[in-house]
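Notes for the structure review
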Amino acid sequence: MLKQLNPFELESGSDRLANPAIIAIVISVALIAAWMISKMGMTAGAVLIILPFIAIYLNFLFRFPIIGLYSAILLGFVLLGLGKYLSGIPMIGTTMDGILIFTYVALIFNRFKERIDFGPANKDITYLAILWFGYSLFELINPEARSSAAWFSGRGVALYMLLIVPLTLLFIDSNRKLDIFFYIWGIMSLLASLNGMKQHFFGVDQWEQAWLNDGNAQTHILFGKLRSFSFMSDAGQFGANQGYSALVAFIFSTVQTEKRKKIFFLVVAIFALYGMILSGTRGAMSVPLAGFMAFFVLRKNIRVMLIGFFLLLVVFVFFKYTTIAQGNDQVRRMRTAFDPNDASLQVRLENQRRLKVYLASRPFGGGIGLGGVKAQKYLPNAFLSQVATDSWYVLIWVEQGIVGLLLHLFILFYALVKGSYYVVFRIRDPILQIKMAALASGMFGIMVASYGNAVLGAMPTGMLIYTSMALLVNTDRLDTPLIDKDKMAKALSG
């Protein structure tokens with residue numbers, strides 16, 4: 001018979017503190033914390049407070065590695081914005097690298113006693129991501145590239161595609177996991193819009209004001225009006241991403257059978273669209289416009305296509321040929337996007353003409369991180385650092401040359417066309433078909449908008465695009481249950 005323990009004989013937590021070893025550890029930790037705070041200020045204190053939460057997070061990450069992928073998507077929305085508040089913490093930009101690399105480490109340890117099946121990642125899109133990263137490594141020996149630090153600052157242009165695509169193929173293998181991805185996206189987009197509205201109606205906080213005072217007011221305060229940027233890197237990224245989110249959320253809402261889920265995604269779409277308007281980013285309008293055009297084509301329904309194109313025509317006529325709501329600052333700025341004689345557009349075209357002459361003899365470009373005014377940090381007197389790139393494709397062209405641009409476009413269109421083919425001809429599950437059509441349409445919208453703004457590869461849009469690319473070419477895995485059911489029905493009938 002087991003001896004019954006007397007609860008009054010158990011050692012309490014306070015009794016354990018009487019242990020000299022425990023006391024020594026507590027005092028040592030307190031002294032180290034006090035020393036760090038005295039040397040590094042409250043930043044060290046904040047780090048010490050966060051450490052226990054990091055430990056808890058790592059515990060869950062090693063138990064459920066997919067958390068790493070979801071974390072990267074969530075972090076993409078806020079990481080660059082956090083830089084405005086945590087400028088004293090060095091290397092904050094490497095946080096994304098750390099999350100993704102730790103996810104691979106967690107995957108290995110999680111399945112340490114069994115053979116990891118990398119078969120799901122054995123896809124053409126994975127090899128294209130490897131090729132793209134290999135080309136970016138080649139740029140390190142480009143004779144025109146004279147700064148490895150610049151390459152490191154621009155590493156995300158290829159590194160994040162390389163890291164995210166295989167993780168997506170490995171982890172998101174069911175519709176439930178796919179829906180979680182959409183919910184994370186929707187929640188973060190909604191929070192971004194709410195923060196953008198706060199900036200518009202109540203003003204910016206002291207850290208955001210300091211960022212504006214540091215030279216960013218020139219592009220974010222026009223005619224005395226703020227272009228909301230929320231907690232993203234800038235208004236251009238905020239506007240394009242919210243247009244992207246509005247498009248995908250609205251389409252995703254159409255396949256929700258539960259009323260509360262449908263309402264949630266409709267709310268996300270409405271707020272995201274409003275956030276896009278508050279950003280004052282004219283090029284962002286092309287995301288929903290081009291995206292919905294693509295969606296109507298993918299639906300293969302003539303009636304839906306005609307109605308959709310008619311509505312898009314109404315929107316175009318509203319902005320191009322009317323002066324309705326011209327008194328509204330946001331509408332007035334959006335309307336200039338339809339003016340071919342707009343001064344900003346003419347400056348961009350002139351810059352592209354200058355770059356064309358310079359790059360004619362440089363097929364591999366000037367080096368990653370060395371295009372546009374951001375490159376003045378590394379090569380302040382170089383020609384390429386004196387000319388604004390604006391467009392994502394112009395940035396790729398400038399930094400990686402015509403060879404890099406053609407390779408980049410090939411990869412993007414390969415994923416988009418193959419995914420669209422699956423949507424139209426291969427996917428049997430009608431709900432999955434709409435979900436993938438939303439991703440393909442959103443990707444096309446961002447690709448169109450990236451001609452005017454450098455949004456495609458930046459966070460959070462880049463993280464969403466790379467995840468979408470992997471999902472679009474992996475629909476057979478998500479569609480498998482329905483296909484097996486069809487095969488079983490045929491076998492039974494035969």
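About the thresholds
- Residues numbered from 1 in each chain as written.
- Predicted model: local features only at pLDDT ≥ 70, side-chain atom pairs only at ≥ 80, totals over all residues.
- Heavy atoms only, no water.
- Helix = DSSP H or I, 4+ residues; strand = E, 2+ residues; numbered from the N terminus.
- Buried < 20%, exposed > 50% of the residue type's maximum accessible area, 1.4 Å probe, protein only.
- Contact = heavy atoms within 4.5 Å.
- Areas by Shrake-Rupley, 256 points an atom, 1.4 Å probe, with all protein chains shown as cover.
- Polar contact = N/O pair within 3.5 Å; in protein donor to acceptor, adjacent residues only side chain to side chain.
- Phe/Tyr/Trp six-rings, centres within 6.5 Å; stacked < 30°, edge-to-face > 60°.
- Lys NZ or Arg CZ within 6 Å of the ring centre and 35° of its normal.
- Salt bridge = Lys/Arg side-chain N within 4 Å of Asp/Glu carboxyl O.
- Patch = residues over 30% accessible without salt bridge, like charges linked within 9 Å, V, L, I, M, F, W, Y side chains within 5 Å.
- pLDDT = per-residue confidence, 0-100.
- Core = buried A, V, L, I, M, F, W, Y, C linked by side-chain atoms within 4.5 Å.

**Description of the overall build of the chain**
Looking only at helices and strands, the chain has 21 helices and two strands in total. Looking at the chain as a whole, 46% of its 494 residues are labelled buried. Across the chain, contacts joining residues at least 24 apart in sequence account for 75% of those joining residues at least 6 apart. Taken as a whole, the chain presents about 25,200 Å² of accessible surface, with 69% of it coming from carbon and sulfur.

**Overview of the side chain of Gln 237**
With respect to the helices and strands, the residue Gln 237 is situated in helix H11 (residues 235-253). Engagement of the side chain of Gln 237 in a polar contact is seen with the backbone oxygen of Val 455, the distance being 3.4 Å. The contact partners of Gln 237, leaving out residues within four places of it in the chain, are Met 232, Ala 454, Val 455, Ala 458, Met 459, Pro 460 and Thr 461.

**Details of the packing of aromatic side chains**
What the rule picks out here adds up to 22 aromatic pairs. Here a set of aromatic residues connected by ring pairs shows up, and it is made of Phe 181, Phe 182, Tyr 183, Trp 185, Tyr 244, Phe 252, Phe 264 and Phe 265. Against the face of Trp 211 rests Lys 84, its NZ or CZ located 4.4 Å from the ring centre. In this arrangement the basic side chain of Arg 362 is found over the ring face of Tyr 358, its NZ or CZ atom lying 3.8 Å from the centre.

**Regarding the side chain of His 408**
Mapped onto the fold, His 408 is located in helix H17 (residues 392-426). Discounting residues that sit within four places of it in the chain, His 408 has contacts with Trp 132, Trp 392, Ile 396 and Leu 456.

**What about unusual backbone geometry?**
Here the bond from Met 459 into Pro 460 is cis, since omega is 0°, no more than 30 degrees from zero. With respect to the element layout, Pro 460 can be found in the loop between helix H18 (430-449) and helix H19 (461-472). The backbone of Ser 230 sits at a positive phi, close to 55°, despite the residue not being glycine. By secondary structure assignment, the location of Ser 230 is in the loop between strand E2 (225-226) and H11.

**Quick look at the environment of Thr 168**
In this fold, Thr 168 is placed in helix H8 (residues 156-171). Not counting residues up to four positions away in its chain, the partners in contact with Thr 168 are Leu 69, Thr 467, Ala 470 and Leu 471.

**What to know about the pattern of salt bridges**
Scanning the model with the defined rule gives twelve salt bridges in all. Ionic contacts of the salt-bridge type, sharing partners, join the residues Asp 173, Lys 177 and Arg 477 into one network.

**Comments concerning a nonpolar patch on the surface**
Taken together, the side chains of Leu 137, Phe 138, Leu 140, Ile 141, Phe 364, Ile 402, Val 403 and Leu 406 present a nonpolar region at the surface, about 680 Å² in accessible area. Elements represented by at least two residues in the nonpolar patch include exactly helix H6 (124-138) and H17. Per-element accounting of the nonpolar patch gives the leading share, three residues, to H17.

**Some remarks on the confidence of the model for the chain**
In the predicted model, the chain carries a mean pLDDT of 84, and 83% of its residues have values of at least 70. Across residues 487-494 the pLDDT falls below 50, and counting only partners more than four positions away or on other chains, this stretch makes zero contacts in the model.

**With respect to the nonpolar core**
In this structure, Phe 181, Met 436 and Met 469 are the most contacted members of the largest nonpolar core, which totals 109 residues. Broken down by element, this core gets its largest block of residues, 16 residues, from H17. Ignoring any residue separated from it by four or fewer positions in sequence, one finds Phe 181 in contact with Tyr 70, Ile 73, Ile 172, Leu 439, Leu 464, Thr 467 and Leu 471. Core analysis: the next-biggest nonpolar cluster, separate from the first, contains five residues, Ala 145, Ala 150, Leu 370 and Ala 382 among them.

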